Every structure is written in structure tokens, then in C-alpha cells.
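Report on the structure
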Amino acid sequence: MEDGTQHLGHCMVDMKELSANPEGLTAAGVILTPKLPQVEFSLACNDLVASGRDRKPNALVQVAVIDPHKQHLVSHACTEIVEANKDPLFLTGVTFPSEYPASPETLVKLTVYDAKDKSQESSSLLGSATFSVGDLLRAKDERLTLSLRSSDGVCAAGTVVVSRLKMGEMEEVDVDHITTDIPSHKCPVVCESASHACIDRENNPLTGPVFKNPVCKVYRFQTVDSKWMLVREQMEECTLSFSIPKQLLSLYIQEDMSRVQDLRELGELSPHWDNLRKEVMTRYGGIISSYQETLAELDKITGRSFKPSCCKAQKSLEFIPINLHTQRMRVTCPRKTDAFYDIVTVGAPAAHFQGFKCGGLQRLLSRYEAEKKSFSTAYQCIYYSPEHTAKAQEVLSTMSLLQPLITSLADQLLQAAQEHSSPGLRDALKNLSDKTEQFVHTLKDELVKSALLALHAARPGYVSKSQKQTPVQGRVHQGGDQNQSPVQGLPGHSPTPSVTESTAVCNNVEGSQSTTRGEGGPLPPKHQDSIPHHKEYDEEEWDRVWANVAKCLNCVIAMVDKLQEEDNSKQEPVPEQQLADVITSHNPGDWREQLRPAVTRLKECVMEVVEKAKRAMTFVLLQEAACSIPQGFLLQQRRDVVFSQALAALACGFVMRLYAGMQDKGFLRQLHLVGLVAQFESLLSTYSEEIGMLEDMEVGISDLQRVVFQITEAKTDDLSDLQPLVCGRRDHFTVEVPLPRLVFQTLPEEIKEGKPLRVFPVLFNVGINEQQTIAERFGDISLQERINQKNFEMLEAYYKSLSEKVPLECLPCFQTQTDIKELLETLGQNVVTKKRKNVEILWIAGTICRRLNGIRFTSCKSAKDRTSMSVTLEQCALLRDEHQLSKDFFIRALDCMRREGCRIENVQKNIRCRKYAFNMLQLMAFPKCYRPPEGTYGKVDS
């Protein structure tokens, strides 16, 4: 990093150069060469003649390409309006990207108009001129001066000057024609291509599979020292908009089908529990069927890589994020290195199809947990807290991973024994011991034991002395009072056991309570008399089964030690005849045969524990599901929808940030030592439906904490093998990001070894529209205040962790040298300050995110209107603070980006209309810097 600029950008790896010179990967990292457009040119006019003699024209230029085959005009670009000037110098131009089907023979027609109003809907033709691309390339200084001809082809209407532009080769431009004292002048666009990229995708294996359909715009602005900077915006769609939700749907279906199978394998249950099981399985079947239908509908969609805002409430697309796009601003200044600034824009992750009449996830989940206790009484279930439900899912997930791994490691141990390899034996034993101890530790939880007792009581034929008494609602307490029963009030059981039964149980419990928890196993729980006990149920059975795994592992360890001791003693010199006897009696297969019984017993014990624990945890989840019908299933579906949208956005941002930082060693070090902060900026109001959207978004963003990323080596360099993959289940997902082999080899060893890479999502919200005005004056903004305070604390904690583990030199340099600690203090003060529409919270949070190498996201309802105002404001602020944008150009640059930039193209893509969905009354409530230029907004369907 040089000159105080931050080097962020799509990674472009020159694969041909790498192949020819693999050693060419210097300390700087992978060779990154962003390819530039083939031809870019700026425009200016001289001596324009307006229709009225006493007025100067409001000039604009429309650019069209003459199709050589069909001989008709194809609209290609349009400049901004320069008002009241007969010699306008457009700080604008046109681009023909490298893959555009242009040749030296391509003809370009320039048509100059006199605009009567700012909406350009009424204008008169001044003149036109035509040239070929070859003419421009062959011209002296690559500059053409063309005469403009009026519509009759006779009268000269002035001249137009076409000058070729090159990114990175800035020229000194005469600014005499630019009147900086007219605020209403529209700023220029130098490059416009709604259907072609400024980057060669075919030679870019990193961006090709993920980002597509770019829109490129270029502007030229003046700096404070009267130099010129060239600024390019590039907005792209992301294929992950569809691929991530489709993968998640498949995983949801797989997980729910597995849950149904687990319920079937619970075995016989009493009629009450069997009926509940059938009802729960029916509910799961409905979800599976619905998800399968949605997945089938998504599989029919080809060619699309984003969901327009007008489809946000469409059932078949509810898992797809709204209007997900990446946007990059690239800045070239004289004698400075190019700088890149990235942002991801996406509609607020929310369940638009399901609606917000009853609020969003945050409110619904709180209400649901409060009501679930009464549901548990009605359904005669045990109430399990969210923590216990999560623990049950964690145990199931961990067992499903560790059991096959232990089996595989046990087989590796036997293989090493067969090969008579002492080092191999030691390594295999260490791995087996580590995983087996992890397995045992996972099951070291009272929840498993209490659930086994509850399951036993739910079997057919379980008889209690006083079945007619009313069951007592019970609950499991999280790690607190050991005197409280883990299981109470099971259906049809007496809260008061018989004297004989009670005595037997008490004797059993009292005997075990006298010992403290040791290494051998957990302390059995204390029970109240209200707990139903089957006198045939052996409460210590689980402790024995569980402890057998550790005992079997100890046997294996002892056997390996014995074999190695014998082997060491045989290494001592012995008479030749004795050695022959040893070789005859101890062939390499003996070790395997001696180890086999202990290893087999270990695998059998592990399998027995898995079967029991799996049934117990499945029964916990059955009760949780039974007492939450139907609300719990509807909430799970809503949460799945919201999480799917949030994960697609996060994966898009992570991939973009990874590609940008591939050659930044400090960034890669931060990535594997701490992880990245993902900062979501929301502009939703806390009024009406948008409260529900914000409540959904809060939970969806928070759920991203369950996600980790892994970088893998792609099987091939084919684009299909470079698509990110998702695996896991609802409680934990991993996103694998494949990279080409040559690129993968340049990464730090920790990343190459598959270390999970964490992301720390934070959300800051400030409403800015007229609904927020109502909320601030007459409503409630406590939701926004709570979210901002909570996430400020999370951001502060992340920075503390980062400071302890990563040198600050790893962070990017900026012209503004404000210390991050100072920025955090300012943010904290703003979060607690009672100030209406305090957008400084968003500005400071965004600045901190960039300073921390983070991933920036901006959202509103559809990521189309308010988001566009925010993104363009942030870009101009970066130009001002980091690249010395002239104060006279700030408002003009802002209006230019909003009027002719990528964001108005985004509006066009979403609603087929180049108007932001605002009206004058709404905009009066907006902070001034978030208001679009006149003529760019109106009443439209959004």
C-alpha cells in the first residue's frame, strides 16, 4: 500500500504468466493485473448554436453504435447535461470494453441535443457527427475534431472533440470551460456499458464463476490541486444469489429427512408419544415437500443471477436475496497507485412472502419462547429451553462427525500395526485418543442422562402407581440448581411414587451423591420425589456405557505400549538362533491380531453410546417440536428463509474481499488469526412493516455467527469447480471457497491446511425516511437503539481481539489518520446520544469497517433507492477524504453518480424505469445529503 490508499479489488490472476513462470510469485503475492477497457474517450463541444439567439444551450451528447450487419443504430451511452454553455467540456466519455464486439471499422454516431429540462424528456437536436474507432486510434494524439451537422445536413452547428482516455495515464486538462460556480451542473460519466464488462472474464478464473453481468461507469473529477482523477464504478451481479440458497435448501431437506428417520428409529412409544411423533413427522414432511417444490422451481431458472425488487414477495424466490450486487469504485490519480473500494448491496434479509403483520423474527421468537412453556403443559411435554435444544442438536451433529472419524482412525491404527510401524502406530494412536476424548467430552452432559430417563418413561408398558393424578409441568434448568429434576410430570405418571419405589431411588441417588465429580464420569443428578421412576430402569446404565468408551481406549493405549516395549526389547542383540525363533513366532501381522480385540471393542462401545445418545437427543427434539406445533415449524421456515438471504450476501462479500486481498500478506494473516468483520448498514425505519423487516434482519445477521469459511484447492481450473460450496446443518455451516492450484499454493500454511476462517457480523441501523420521522416523534425507536448498542459492543470486542493477535501494520493505510480507538469512542458516543436520524453512526461504522479490512454491506428494503443514496454518498466521501476531491466538485460528483451512475442502472434493472421511488414529500424528511438530484425520482412501482 502506497500513498495512503487502500488496495482493494477483484483479483485478476494472469494464469499464462504464472504457468510460464511459477517462481514469479514474489513476496508481493499473486500477480494481479486488472484488464482495462479497449477504448475510452471523453467529449467536448465548441461553438454550439442554440435554437434561440439570446440563450446558451443546455448540452448533452447521446452516443450510438452503428450495427455493421443490420445497419441500424444501437444506443450505447449518454452524457450529463452541461447547462448554459456553448463550449461545454463534458467531464464524460464512453467505453468500449475489451470484449465488446468493436473493431477499427466500428462506426460511432454522436448526437448533440439542447435539453429543455433536467429530466431530458424535452430536447431539440443541435447536430450530429460520425467517426470510426480506427479514426480515433490513428489520429494524432488520439484526438478528433468533428463538425456537427444539423438535421438537414447543411448548417454547421459547431464542433465536437473526441479524446481517447487511458486509465492510469492522466492528462492535464484545460478547465477554462468548466464553470464550477453553478451547482446545478450535472457531473459527467466517462464510461457507460450496461451489458459489457471492463474486465476480461475469460482470462480471470477467480471472478468468472461468481461475478457476472457488469455495468461500468467512469467519471473524471478535479482535485484540490487542480489535477484530475479518473473514477470507475463497476457493479456486478453474483451467481451466489441463487447457488447458495439452492445448496441450503438441499441441506435443509437432507437434515429434516434425517430427523424423520431418527424419529422412526426411536422404537416403540406409548400411544400419547406415538401420536405426537406422527404429528411431528407429518409437519416435517410438509416442510420437506415445500422445500422440494421450491428447489424444483429454482432449478428451472437459468441465466438469472439476481432477484429484482419487484419479486421480493414471490413464493418461489423467497430464499433468494433481493437485488444482490457488488459495487467497486476504482480511483486513478496522477502519480499515485490505483485504489479500490468495495461494497455489497442487498435488500434487507426478511420473509417478505410471509409478511410482517405479527412482527419479525426477533419479536416472534421472544413471544414463542414465552408461550412454549404453556404449550408443554398442554401437550404433556417437558419444557426444554433454547439452550437445551441447541445442545441436543450440537450433540447429534458432533456424534455424526466423530463416530465415523473414530472408526476410520481405529482402522488406521490397525493398518499401522500390520505394517509394524512404531511411528505410524504412535501417530494413529494420538489421533484416535484425541478424537475419542472429544467424543466422550461431548456426551459429558446431564441432558443426555435425563433424556434417556424421559424416553424410558415414554415406552409402552411404563406403569406408575397413580396414573389418575394430574401431571406436573417440568423443565430442565441450564447448569443451575442440581436439586431441580431434569424430567418432571411425564404424562400419566404420579408425582408421588410409592414408598418402595421412592426408597429404592433415594438410596440409589444418595449413594452416588456422596462422591464428587471425578475424571471417571459426571455426577448423577439429584431427583425430587415428583420424578417418575420405573423400578426396572437402571439409572447407572448410561454412566457405565459412557465410561466403557474411556476404558476401551485405555485398553488400546495399554496394548500399544506393550507392543512397543516388546519391540524395543527385541532390538537388543540376541544369539542368531534366538533371533530366528523370534522372527518365526512374531511376524508383522501379530501386532494387528493382538490389537484387533481391543480396537473392535472400542468401536462397539462407541456405536452403543451413539445409538443411546442419538435416541435420547432425538427424544428431546421430539418434545421440543411437539410442544411448538404449529408455531415452531412456521418460525423455523421463516428463519431458514431469512438466513438463506443473509448467507448468500455474506458469501458474496467474503469471496469479493478474498479475491481483493489475495496478495496482501497482512490481510491473509488477519484472516486466519482472527477473522473478518462483516458490517451491515441498514436504512430501515422503525415504523410499520419495516419494523418486522428489521427484526427479521437482526436475527438473520446474528445467525451468521454459525458460519465459517474454508479455502480449498479446486480440483481443476474449470469455472464449475471454482463455485463456493456449503455443507453442514442448521446449527453450523461451512462455506468452502475453491481456488485454482497456483493461487492456492501462495496462501499461508494455516489457510491451506483448512483452518476455519471466522466472520464477525455486526449490524447498525438508522432510519432516514418519512416513516422514521413518525417513529421518532410519536412511535418507538428502542429496537434501533438496542441493535446499535449491542453491535457496537461486538465491534469493540472484535477490535480488542484483533489488537491482541495481529500487528496494526497489517491493517490498511488511509490519508485520514484518525486512530481506530478514537473512531470507536466517537461511535460509542453517537450510539448513546439521543439525536434524530443520526446518520453519523453509519458513516463512522463504515469507516471503521474499512480501516479493519472488513466487508461492507448496505441495505434498505430493496437495496435500490435509499441504498443508492448511501452508496453514492460514501463513494464521494472517500474521494474527498482519501483523494482530495475538490469541494466544488463534491455535490456535482454526487449528483453525477446518482443521475448517470451504476445505481440508476440498478433501478432500471429492477423496475425497468430510471426513477428512484421517492416523492417530494418523502424527500423533505430525508437528511439533505441523501436526496437525489431533481429529475431522477418520481412515483414508480418498486
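Look up a bit, the structure's there.
What counts, and where the lines are drawn
- Residues numbered from 1 in each chain as written.
- Predicted model: local features only at pLDDT ≥ 70, side-chain atom pairs only at ≥ 80, totals over all residues.
- Heavy atoms only, no water.
- Helix = DSSP H or I, 4+ residues; strand = E, 2+ residues; numbered from the N terminus.
- Buried < 20%, exposed > 50% of the residue type's maximum accessible area, 1.4 Å probe, protein only.
- Contact = heavy atoms within 4.5 Å.
- Areas by Shrake-Rupley, 256 points an atom, 1.4 Å probe, with all protein chains shown as cover.
- Expected span 1.5 Å × (residues − 1).
- Salt bridge = Lys/Arg side-chain N within 4 Å of Asp/Glu carboxyl O.
- Core = buried A, V, L, I, M, F, W, Y, C linked by side-chain atoms within 4.5 Å.
- Phe/Tyr/Trp six-rings, centres within 6.5 Å; stacked < 30°, edge-to-face > 60°.
- Polar contact = N/O pair within 3.5 Å; in protein donor to acceptor, adjacent residues only side chain to side chain.
- Patch = residues over 30% accessible without salt bridge, like charges linked within 9 Å, V, L, I, M, F, W, Y side chains within 5 Å.
- Lys, Arg positive; Asp, Glu negative; His and termini not counted.
- Charge placed at Lys NZ, Arg CZ, Asp CG, Glu CD.

**Here's the deal with the overall build of the protein chain**
Secondary structure assignment for the protein chain yields 25 helices and 19 strands. When burial is assessed residue by residue, the protein chain has 56% of its 942 residues classed as buried. When contacts within the protein chain are restricted to residue pairs at least 6 apart in sequence, long-range pairs at least 24 apart make up 77% of them. A total accessible area of about 39500 Å² is found for the protein chain, and carbon and sulfur atoms account for 50% of it.

**Observations concerning helix 3 (residues 240-264)**
A rise of 1.5 Å per residue sets the reference length of helix 3, with its 25 residues, at 36 Å; its end C-alpha atoms lie 36 Å apart and thus fit the reference within 8%. Taken across its 25 residues, helix 3 has 18 buried, putting it largely inside the fold.

**Focus: the pattern of salt bridges**
With the rule as written, the count across this model stands at 42 salt bridges. With its nearest N and O atoms 3.8 Å apart, the salt bridge here joins Asp114 to Lys116. By relative accessible area, Lys116 is classed as partly exposed at 41%. In the salt-bridge network here, residues are joined through shared partners; they are Glu255, Asp256, Arg259, Asp640 and Arg730.

**What about the nonpolar core?**
With 145 residues, the main nonpolar core has Leu413, Phe439, Met617, Leu647, Phe654, Phe709 and Ile711 as its most contacted residues. Broken down by element, this core gets its largest block of residues, 18 residues, from helix 12 (residues 589-626). Setting aside chain neighbours within four positions, we find Phe654 in contact with Leu671, Leu676, Phe709, Ile711, Val737, Leu757, Val759 and Ile855. By size, the runner-up hydrophobic cluster in this structure holds 61 residues, among which are Phe221, Tyr341, Phe926 and Tyr937.

**Considerations on the packing of aromatic side chains**
All chains considered together, the criterion is met by 15 aromatic pairs. Here Tyr284 and Phe633 contribute two aromatic rings whose centre-to-centre distance is 5.1 Å and whose plane-to-plane angle is 80°, an arrangement assigned as edge-to-face. One end of the pair, Tyr284, is in helix 4 (residues 271-300); the other, Phe633, is in helix 13 (residues 631-660), and 349 residues separate them in sequence. Both residues of the pair, Tyr284 and Phe633, count as buried. Summarising the aromatic geometry, the rings of Phe654 and Phe709 are spaced 3.9 Å apart at their centres and angled 10° between planes, so their arrangement reads as stacked. Within this pair, whereas Phe654 is found in helix 13, its partner Phe709 is found in strand 15 (residues 707-713), the two being separated by 55 residues in sequence.

**Here we look at the side chain of Thr345**
Its location among the elements puts Thr345 in strand 13 (residues 339-345). You can call Thr345 buried: its relative accessible area is 0%. Within the structure, the side chain of Thr345 is placed 3.5 Å from the side chain of Arg903, a separation counted as a polar contact. Other than its neighbours up to four places away in sequence, Thr345 contacts Asn323, Leu324, His325, Thr858, Ala863, Thr867, Val871 and Arg903.

**Looking at a negative patch on the surface**
A cluster of acidic side chains, namely Glu793, Glu796, Asp819, Glu822 and Glu825, defines a negative patch on the protein surface. Counting residues per element, the ones that place at least two in the negative patch are helix 19 (782-805) and helix 20 (820-832).

**Details of unusual backbone geometry**
With the exception of glycine, the majority of residues adopt a negative phi angle, and the majority of peptide bonds are in the trans configuration. Phi is positive for Glu142, which is not a glycine, with a value near 50°. In this structure, Glu142 sits in the loop between helix 2 (133-138) and strand 7 (143-149). For Glu142, a relative accessible area of 21% corresponds to the partly exposed category. Its identity is not glycine, yet Ala863 carries a phi of approximately 60°, on the positive side. Tracing the backbone through its elements, the reader meets Ala863 in the loop between strand 19 (855-859) and helix 22 (866-883). Classification of Ala863 as buried rests on a relative accessible area of 0%.

**As for the side chain of Thr867**
Mapped onto the secondary structure, Thr867 falls in helix 22. Look at Thr867 and you get buried, because its relative accessible area is 0%. Those residues in contact with Thr867, other than ones at most four positions away along the chain, are Thr345, Leu683, Thr858, Ser859, Cys860 and Arg903.

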